[in-house]
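Here are the chains, one letter per residue:
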Amino acid sequence: MSSSKGRTTLEVGADGVGIITLINPPVNSLSFDVLYSLKETYELALKKDDVKAIVVTGAKGKFSGGFDISAFGKIQEGNVQAPKPGFVSLEILSDLVAAAKKPSVAAIDGLALGGGLEVAMGCHARISTPTAQLGLPELTLGVIPGFGGTQALPRLVGIAKALEMMLTSKPVKGEEALNIGLVDAVVSPDELLNTARRWALDILEGKKPWVISYYKTDKLEPLGEAREILKFARAQTRKRAPNLNHPLVCIDVIEVGIVSGSRAGLWKEAEAFQGLLLSDTCRSLVHVFFSQRGTTKVPGVTDLGLKPRQVKKVAILGGGLMGSGIATALIMSNYSVILKEVNDKFLQSGIARVKANLQSRVKKGQMSQEKFEKTLSLLKGALDYESFRDVDMVIEAVIENVSLKQQIFSDLEKYCPPHCILASNTSTIDLNLIGEKTKSQDRIIGAHFFSPAHVMPLLEIVRTPKTSAQVIIDLLDVGKKIKKTPVVVGNCTGFAVNRMFFPYTQAALLLVERGTDVYQIDKAITKFGMPMGPFRLCDLVGFGVAIATGGQFVLNFPERTYKSMLIPLMQEDKRAGETTRRGFYVYDEKRRANPDPELKKFIEKARDISGVTVDPKLTKLSDKDIVEMIFFPVVNEACRVLAEGIAVKASDLDISAIMGMGFPPYRGGILFWADSLGSKYICSRLEQWSNLYGGFFKPCSYLAERAAKGAPLVRNSIPGFYINTSSLVASSYVEFVFCLCRV
Ligand SMILES: C[C@H](O)CC(=O)SCCNC(=O)CCNC(=O)[C@H](O)C(C)(C)COP(=O)(O)OP(=O)(O)OC[C@H]1O[C@@H](n2cnc3c(N)ncnc32)[C@H](O)[C@@H]1OP(=O)(O)O
């Protein structure tokens, strides 16, 4: 989190240009100190006779990462007095900066995000470097731009582009910013300050236009067209983010500015921002922002002063779906990769999969053909271990077979150099067992990717008591470099994500056997915000995987596994899920899922085997009841994972649930959401169901203790938050694709 002590400085050059620098490491966020200081410094610059024009810039190659997000929590808790609405947008940016008699130019390098870009848009011109990132990502935090961005951006780039930038939260880089009119020139970092100084003087001398963003109208679409654009944006937003209100508020605020002028728009923005700041969505998303960054802070590991060693070359064992996905993720981040298979046929299919993964990016316009060739050239195939002699890391991704993995790790010990990290992508097998026959337990670690590994954002880093801190640090670094969110977890069946979410399907099966409708369950869960319900997910990952993984849980946690025969019965009927186009749903050629009337007979059979009868109450459950009966067992398991120390901190489980399972980020993650309902309530509901439907629902001791004290489940919550609706693609059991598409 950024330090709240920030400041600005003023330096006046011989040319009469005053350079105002925003200083608040690491990203020059706009804390209240910075904002108050900016106002004072600006007033001083306007007063000083030796200042003819002003350049605003950020220290150390970063303009500003926006308003200080750590202040959100403080305002929400009432720990700081926020300035009155409109203080920044109207008082500072509109009435002081934009209305000044001295021209100002923003010199932007690194980033100008959120409030940072809004400060820049308050100036009369903007010069940026080609690599600078400019954007308004406020919606990812549950708020809207609050320093005038909703008014200035549409006037600089047009309503359609402004909406796109705000609703997707995606920044643009220098060249694009120039093309759309957000900046006035793009120059190299070396030339930035001098160009900005010259530009400011040119404005003063009438050689360059003196533009006030808030009053510009030439880029605004005509009113009729503007209304159509806004209408379309509203419809899209309702479709893509039905549970979220703030994107609609953002559109409303933009409209006020267009219809009634930017002054009215600025007031509306200030008022709306204030309200959204206190919303549950904002609290949840701020929590996610800090929790996501907190996953790489592991007590006893990352605080030892160790530095990550350089990993250049990685070997992957197994070119199947997982291995090829991992290889893709690594080469896309410039790692040299050796992909090893047992024979040439398998090797060629593995390489073909990697190629296909990259080609799909080329097709979508996300990768150039030239980059494709370059990336693919980093991949080499191998059929033996000879080329492993200089690798820095190996990731084993072969089938889940203990003796095969034991043999592989013994071989690796012989061929790989002593510093080499020995990682396994296992999702079920105990790492201690895998490394049993080696003397290298300190460098054995789990690197549990979620399929497809080049798309899914989560990486579970599994440590055993013997794994060295250095190896964990190294893998955390690789994880970050391949753009994953790495979460360090302990060694247990299912690790954090699969273990927490095992009861998700189990609870659903229990309900269905007692009379709840399959499709009503999926609908209620999707409405809650999951990318799909438990039955659609089962179809997606396939019954084979579901049964195999289920077996591991029955073996390890028999007392709380609900043993339903429904999926095995359906499998006997040659249903395996989406791949066979028949599972809980039937699928047409376009992979569209439709309810299957035949399902009833399997449910009845499963019910007979379990010896349960239909409970009339469960046939009439409300959506809220369904959500609670499915998710409270997940909360219960998350409590166990936390109490057993499998997760270092509760917020890691929140991030694991969001990134690994698609739990709605605007609910803050599984335990954050649970605490919003209260441990007492959750515990009492579980107790009630446990009495009616058995031990599956029994609250664990951690949950019961917290409830008895009336205490939250999370002991030390990290202050803190993101948006996204998700589109799921697929993978092994509860692992699936969760494309973070910022709303
Ligand atoms: C009123 C206004 O309209 C409202 C706003 O401006 S809301 C804020 C809008 N700005 C944003 O959403 C940007 C948020 N930040 C980011 O996206 C990314 O941090 C970034 C692109 C700036 C940098 O990314 P990256 O280089 O990967 O570094 P990252 O680890 O994320 O951040 C570095 C540190 O800066 C902190 N930080 C980043 N942006 C911050 C911000 N706006 N406020 C406070 N702290 C911030 C992070 O918490 C992290 O702290 P840590 O080292 O203690 O964990």
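About the criteria used
- Residue positions within a chain follow its written sequence, with the count starting from 1.
- Restriction of local features to residues with pLDDT of at least 70 applies here, the model being predicted, together with a cutoff of 80 or more for giving and counting side-chain atom pairs; totals for whole chains, interfaces and linings are based on all residues.
- Calculated side-chain values reflect all of the structure's heavy atoms, with hydrogen atoms and water omitted.
- UniProt positions are given in the numbering used here, feature names are shortened, and annotations may be inferred rather than shown by experiment.
- Note on ring pairs: Phe, Tyr and Trp rings are taken, using the six-membered ring of Trp, and paired if centres are within 6.5 Å. Classes follow the plane angle, with under 30 degrees stacked, over 60 edge-to-face and the rest tilted.
- Note on conventions: DSSP H or I runs of at least 4 residues are helices, E runs of at least 2 residues are strands, and numbering of each starts at the N terminus.
- Residue burial is assigned from relative accessible area. The probe radius is 1.4 Å, only protein chains are included, and a residue is buried under 20% of its type maximum, exposed over 50%, and partly exposed in between.
- Think of it as a cone above the ring: NZ of Lys or CZ of Arg counts as a charge over the ring if it is within 6 Å of the ring centre and within 35 degrees of the ring normal.
- With a 1 Å grid spanning the protein atoms alone, the term cavity applies to any set of points in which a 1.4 Å probe fits but cannot get out, the term pocket to an open set with protein on both sides within 12 Å along at least five of seven lines, and the term lining residue to any residue with an atom within 4 Å of a point.
- Grid points are joined across faces, edges and corners, and a volume is the space filled by probe spheres set on the points.
- Throughout this entry, Asp, Glu, Lys and Arg are counted as charged residues, while Ala, Val, Leu, Ile, Met, Phe, Trp, Tyr, Cys and Pro are counted as nonpolar. The remaining residues, Gly among them, count as polar.
- Only strands joined by at least two bridges in the DSSP assignment are considered to pair.
- Note on handedness: a clockwise path from strand one over the helix to strand two, with the strands aimed away from the viewer, defines a right-handed crossover.
- To define a nonpolar core, start from buried Ala, Val, Leu, Ile, Met, Phe, Trp, Tyr and Cys residues and group those joined through side-chain atoms within 4.5 Å.
- One less than the number of residues in a helix, times 1.5 Å, gives the span that helix is expected to have.
- Should any heavy atoms of two residues lie within 4.5 Å, those residues are counted as being in contact.
- A pair of cysteine sulfur atoms is labelled a disulfide when the two atoms are within 2.5 Å.
- Throughout this description, the term salt bridge denotes a Lys or Arg side-chain nitrogen within 4 Å of a carboxyl oxygen of Asp or Glu.

The name recorded for the protein in an unreviewed UniProt entry is 3-hydroxyacyl-CoA dehydrogenase, from Penstemon davidsonii. UniProt annotates the protein under Pathway (unreviewed entry) with the comment "Lipid metabolism; fatty acid beta-oxidation." For the record of the protein, the UniProt heading Subcellular location (unreviewed entry) holds the text "Peroxisome".

*Asks:* Would you mind going over the packing of aromatic side chains with me for this structure?
*Replies:* For any two aromatic rings, the description comes down to two numbers: the centre-to-centre distance and the angle of the planes. For the coordinates displayed, the defined rule picks out 29 aromatic pairs. Centroid distance Phe528 to Phe663: 5.7 Å. Interplanar angle 65 degrees. Geometry classified as edge-to-face. Of this pair, Phe528 sits in helix α20 (residues 518–528) while Phe663 sits in the loop between α27 (650–661) and α28 (670–677), placing them 135 residues apart in sequence. A relative accessible area of 7% places Phe528 in the buried class. Overall, Phe663 belongs to the buried group, its relative accessible area being 0%. Relative to Trp689, the ring of Phe632 has its centre 5.9 Å away and its plane inclined at 35 degrees; by these criteria the two rings are tilted. Separated by 57 residues along the polypeptide, Phe632 in helix α26 (residues 623–643) and Trp689 in helix α29 (residues 679–693) bring together distant segments of the chain. Put simply, the rings of Phe501, Tyr504, Phe528, Phe631, Phe632, Phe663, Trp673, Tyr681, Trp689, Tyr693, Phe696 and Phe697 pair up and form one aromatic cluster. One residue, Lys208, lies across the ring of Trp199, its end atom 4.5 Å from the ring centre. Above the face of the Phe289 ring, Arg293 is positioned so that its terminal group lies 3.7 Å from the ring centre.

*Asks:* Would you explain empty space enclosed by the protein in this entry?
*Replies:* Of the voids in this model, the largest cavity is the one considered here, and its volume is about 200 Å³. Taken together, 18 residues make up the lining of the largest cavity; nearest its centre are Pro83, Lys84, Phe147, Phe273 and Gln274. Only α1 (32–47), α3 (87–98) and α11 (262–277) provide two or more residues apiece to the lining of the largest cavity. At four residues, the largest contribution of residues to the lining of the largest cavity is made by α11. The residue makeup of the lining of the largest cavity, split by class, is 13 nonpolar, four polar and one charged. Along the walls of the second largest cavity sit Arg499, Phe502, Pro503, Phe553, Phe557, Arg560, Thr561, Pro633, Asn636, Glu637, Arg640 and Phe696, which together make up its complete lining. Among the elements of the structure, α19 (497–513) and α26 are those that each provide at least two residues to the lining of the second largest cavity. Ranked by residues supplied to the lining of the second largest cavity, first place goes to α26 with four residues. Here the residues of the lining of the second largest cavity are counted per class, giving six nonpolar, two polar and four charged.

*Asks:* What exactly am I supposed to notice about the sheet that holds strand β7 (residues 133–135) here?
*Replies:* To summarise the sheet geometry, strands pair through backbone hydrogen bonds and adopt either a parallel or an antiparallel arrangement. Pairing in this open sheet of three strands is mixed, and the strands run β5-β7-β8 from one edge to the other. In this open sheet, the two edge strands, each paired with only one partner strand, are β5 (111–113) and β8 (172–173). Looking at chain direction, β7 and β8 are connected through two bridges and run antiparallel. The residue bridging Gln133 from the neighbouring strand is Lys173, located in β8.

*Asks:* Just checking my understanding: could you explain the environment of Val256 for this structure?
*Replies:* Here Val256 shows up in helix α10 (residues 246–260). Put simply, Val256 and Lys268 are 12 residues apart on the chain and 7.4 Å apart in space, counted from C-alpha to C-alpha.

*Asks:* How should the pairing of strand β13 (residues 393–396) be read in this particular structure?
*Replies:* Look at any regular strand and the pattern is simple: side chains alternate between the two faces of the sheet. Residues Met393 and Ile395 point to one face of β13 and Val394 and Glu396 to the other, with burial holding for every one of them. Strand direction decides the pairing type here: strand β10 (residues 313–317) and β13, joined by four bridges, are parallel. For Val314, the partnering residue across the bridge sits in β13 and is Met393. Where β13 and strand β14 (residues 421–424) come together, four bridges link them in parallel fashion. Residue pairing across strands places Glu396 opposite Ser424, the latter belonging to β14. For the crossover from β13 across helix α16 (residues 402–415) to β14, the handedness is right-handed.

*Asks:* What should I look at first to understand the UniProt feature "domain: 3-hydroxyacyl-CoA dehydrogenase C-terminal" (unreviewed entry) in the protein in this one?
*Replies:* The positions UniProt marks with the feature "domain: 3-hydroxyacyl-CoA dehydrogenase C-terminal" (unreviewed entry) are residues 494–587. Here residues 494–587 runs as 61% helix and 3% strand, with 30 Å between its end C-alpha atoms.

*Asks:* Would you mind going over the environment of Val157 with me for this structure?
*Replies:* Structurally, Val157 is set in helix α5 (residues 149–157). When the C-alpha positions of Val157 and Leu182 are compared, they lie 6.1 Å apart, and in sequence the two are 25 residues distant.

*Asks:* What am I meant to see in the nonpolar core here?
*Replies:* In globular proteins that are soluble, nonpolar side chains generally tend to be buried together. Core analysis: the largest hydrophobic core is formed by 106 residues, its most contacted members being Phe584, Phe631, Ile670 and Leu671. Broken down by element, the residue count for this core peaks at 12 residues, all from α26. Among the nonpolar cores identified, the runner-up in size contains 78 residues, and Ile92, Val119, Ile144 and Ala233 belong to it.

*Asks:* Before we go on, may I ask you to explain helix α18 (residues 469–481) in this structure?
*Replies:* An α-helical segment advances 3.6 residues per turn. Residues three or four places apart therefore align on the same side. Taking 1.5 Å per residue as the helical rise, α18 with its 13 residues ought to reach 18 Å, and the 18 Å between its terminal C-alpha atoms agrees with that figure. With 11 of its 13 residues buried, α18 lies for the most part within the structure. Within α18 the residues assigned to the buried category are Ala469, Gln470, Val471, Ile472, Ile473, Asp474, Leu475, Leu476, Asp477, Val478 and Gly479. The elements touched by buried residues of α18 are α13 (321–332), β13, β14, β15 (444–449), β16 (458–463) and β17 (485–490). A positive backbone phi angle near 65 degrees is found at Lys483, which sits one or two residues after α18.

*Asks:* Would you mind showing me how to read the pairing of β10 here?
*Replies:* The buried count for β10 comes to four of five residues, which makes it a mostly enclosed element. Direction of pairing for β10 relative to strand β11 (residues 336–340): parallel, over a ladder of five bridges. Bridge pairing in β11 links Lys313 to Ser336. After leaving β10, the chain enters α13 and then returns to the sheet as β11, a path that is right-handed.

*Asks:* Please clarify how the state of the cysteines should be interpreted in this entry.
*Replies:* Two cysteines, two sulfur atoms, one covalent bond between them: this is a disulfide. Scanning the entire structure with this criterion turns up zero disulfides. Distance from the sulfur of Cys250, which forms no disulfide, to the nearest cysteine sulfur (Cys282) is 14 Å. Between Cys492, a free cysteine, and Cys700, which holds the nearest cysteine sulfur, the sulfur-to-sulfur gap is 14 Å. On the accessibility criterion, Cys492 (14% relative accessible area) is buried.

*Asks:* Is there a simple way to explain the pattern of salt bridges in this structure?
*Replies:* For side chains bearing opposite charge, pairing can occur when the charged atoms are close. For the coordinates displayed, the defined rule picks out 43 salt bridges. Ionic pairing is found between Lys39 and Glu43, a salt bridge with its closest N-O pair at 3.2 Å. A residue pair is termed a helical-turn pair when its members lie 3 or 4 positions apart in one helix, as Lys39 and Glu43 do in helix α1 at four residues. Accessibility expressed as a relative area gives 30% for Glu43, which makes it partly exposed. In this structure, the salt-bridge partner of Glu578 is Arg591, at a minimum N-O distance of 2.5 Å. You can see Glu578 sitting in the loop between α23 (566–572) and β18 (585–587) and its partner Arg591 sitting in the loop between β18 and β19 (593–595), a full 13 residues away along the chain. Several salt bridges share partner residues, and in doing so they unite Arg499, Glu559, Arg560, Glu637, Arg640 and Glu644 into one network.

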